[in-house]
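Secondary and tertiary structure notes
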Amino acid sequence: MERVAPTTATAMSEHWNARAWKFDAAASHRRDASSWRAVFEAALGSRPQDVVDLGCGTGACALLAASLGHRVTAVDGSLEMLSHGRTAAAEAGLEIDFIHSTMDEAKLPASSADAVAIRNVLWTLENPPAALALAREILRPSGKLLLSDGLWYRQRVNNSREIFGTNLPFYNGLTETDARALIAGAGFRSVESWRHLMPGDPYGSVYDDPDTPITFFVLTAIAPE
């Protein structure tokens, strides 16, 4: 299997380590917690499942899934981001298996999850298709992928080579059309949007234009049987 981040994993982890302390203060999953919970409840259902949160950061998806009764494993390469996630889980009385690892090194068992969440991660990756291939490998037959991301900049000026040593294909964000193409390329089916459960513009404006709201998507898709 192709690697998700063959050359940028270390630099990306350091990038998020330096930002972990302020990340949750501006995060939509805290400001709009009830809406995100509604999305996860509708998209994943009420039956307890094995859920993997890939690139979990401070645990947005992991915390939501665990609060709904799911058994959650959360993976991230940033130790500082994981530290905040562990603290939040402890404060909420939730049991989550946090794993400090890149996606490439996590060695998650094949066909071990009923659902895999990848939220606001694809734009940070060297090889986004490899992340979806990994999700497909982890998922059981007919398991569910939950994918969310957005278009963070209006001007598509990619300066990721200056920061990480290579150009990341979606460094400025991606559209729902981009995501649907990636999902189809990875062999998933039955794509469904949950954007209607997120009212307004929870992420605010794009980073380089205060008058333009960030467009984002929340999609699920089903793995092959």
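Let me begin by describing the structure that accompanies this report. Computed from a predicted structure; not experimentally measured.

Pairing between sheet strands relies on hydrogen bonds along the backbone, with the strands arranged either parallel or antiparallel. Strands sit in the order E3-E2-E1-E4-E5-E9-E6 across an open sheet of seven strands; the sheet is mixed. The open sheet terminates on both sides in strands that have one partner only, identified here as strand E3 (96-100) and strand E6 (189-193). Between one strand axis and the next, the sheet turns through 20° on average, direction left out of account. Of the pairings in the sheet, the one linking strand E2 (residues 71-76) to E3 comprises five bridges and is parallel in character.

Once that is clear, we can look at the side chain of Ser78. Within the fold, Ser78 resides in the loop between E2 and helix H6 (79-92). On the basis of relative accessibility, which here comes to 2%, the residue Ser78 falls in the buried class. Of note is the side chain of Ser78, whose polar atom sits 3.2 Å from the backbone nitrogen of Met81. Residues in contact with Ser78, not counting those within four places in the same chain, are Ser13, Trp16, Asn17 and His100.

Attention now moves to the pairing of strand E5 (residues 139-151). Each regular strand carries side chains that alternate between the two faces of the sheet. Inspection of the sheet shows strand E4 (residues 113-119) paired to E5 by six bridges, in the parallel sense. Each bridged residue has a counterpart across the sheet, and for Ala117 the counterpart in E5 is Leu146. Crossover E4 to E5 through helix H7 (residues 128-138) is right-handed. The pairing of E5 with strand E9 (residues 215-222) spans eight bridges and is antiparallel. Across the sheet, Leu146 pairs through a bridge with Thr220, a residue of E9.

In the structure shown here, the tally under the stated rule is eight salt bridges. Here Glu176 ties to Arg180 by a salt bridge, and the two come within 2.9 Å at their closest N and O atoms. Of this pair, Glu176 and Arg180 both sit in helix H9 (residues 176-185), four residues apart, which is roughly one turn of the helix. A salt bridge links Arg189 to Glu225; the shortest N-O distance between them is 3.6 Å. Of this pair, Arg189 sits in strand E6 while Glu225 sits in the segment after E9; the two residues are 36 residues apart in sequence, bridging distant segments of the chain.

Another aspect to go through is the packing of helix H4 (residues 33-44) against helix H5 (residues 60-67). It is at 10 Å that the axes of H4 and H5 come closest, and there the two elements cross at 65°. Here H4 is positioned roughly perpendicular relative to H5, judged by the angle of their axes. Of the two possible hands of crossing, H4 and H5 adopt the one that is right-handed. Here Ala33, Trp36, Arg37 and Phe40 of H4 lie close against H5, whose contacting residues are Cys61, Leu64, Ala65 and Ser67. The residue makeup of the contact of H4 with H5, split by class, is six nonpolar, one polar and one charged.

On to the environment of Phe23. You can see Phe23 is positioned in helix H2 (residues 20-23). Since its relative accessible area comes to 29%, Phe23 is described here as partly exposed. Sequence-wise, Phe23 and Gly57 are 34 residues apart; in three dimensions their C-alpha atoms are separated by 9.1 Å.

If you check the backbone angles, Ser111 has positive phi at about 50° while not being a glycine. Structurally, Ser111 is set in the loop between E3 and E4. By relative accessible area, Ser111 is classed as partly exposed at 42%. Within the chain, Ser142 stands out as a residue other than glycine whose phi angle is a positive 65°. Considering the arrangement of structural elements, one finds Ser142 in strand E5.

All right, on to H9 then. Those residues of H9 that fall on the buried side of the exposure criterion are Ala179, Leu182 and Ile183. Down the axis, H9 shows its buried residues gathered within 100° of arc, on one side only. Facing away from the buried surface of H9 by more than 90 degrees, the exposed residues are Thr177, Ala181, Ala184 and Gly185. On its buried side, H9 packs onto H7, E5, E6 and E9. Once H9 ends, the next one or two residues include Gly187, with phi positive near 90°.

What counts as what
- Residues numbered from 1 in each chain as written.
- Predicted model: local features only at pLDDT ≥ 70, side-chain atom pairs only at ≥ 80, totals over all residues.
- Heavy atoms only, no water.
- Pairing = 2+ DSSP bridges.
- Helix = DSSP H or I, 4+ residues; strand = E, 2+ residues; numbered from the N terminus.
- Axes fitted to C-alpha atoms, helices over the stretch in contact; angles between N-to-C directions.
- Buried < 20%, exposed > 50% of the residue type's maximum accessible area, 1.4 Å probe, protein only.
- Polar contact = N/O pair within 3.5 Å; in protein donor to acceptor, adjacent residues only side chain to side chain.
- Contact = heavy atoms within 4.5 Å.
- Right-handed = clockwise from strand over helix to strand, strands pointing away.
- Salt bridge = Lys/Arg side-chain N within 4 Å of Asp/Glu carboxyl O.
- Parallel < 35°, antiparallel > 145°, perpendicular 65-115°, else oblique.
- Left-handed = near helix turned anticlockwise from the far one by under 90°.
- Nonpolar A, V, L, I, M, F, W, Y, C, P; charged D, E, K, R; others polar.
- Arc of directions from axis to C-beta.

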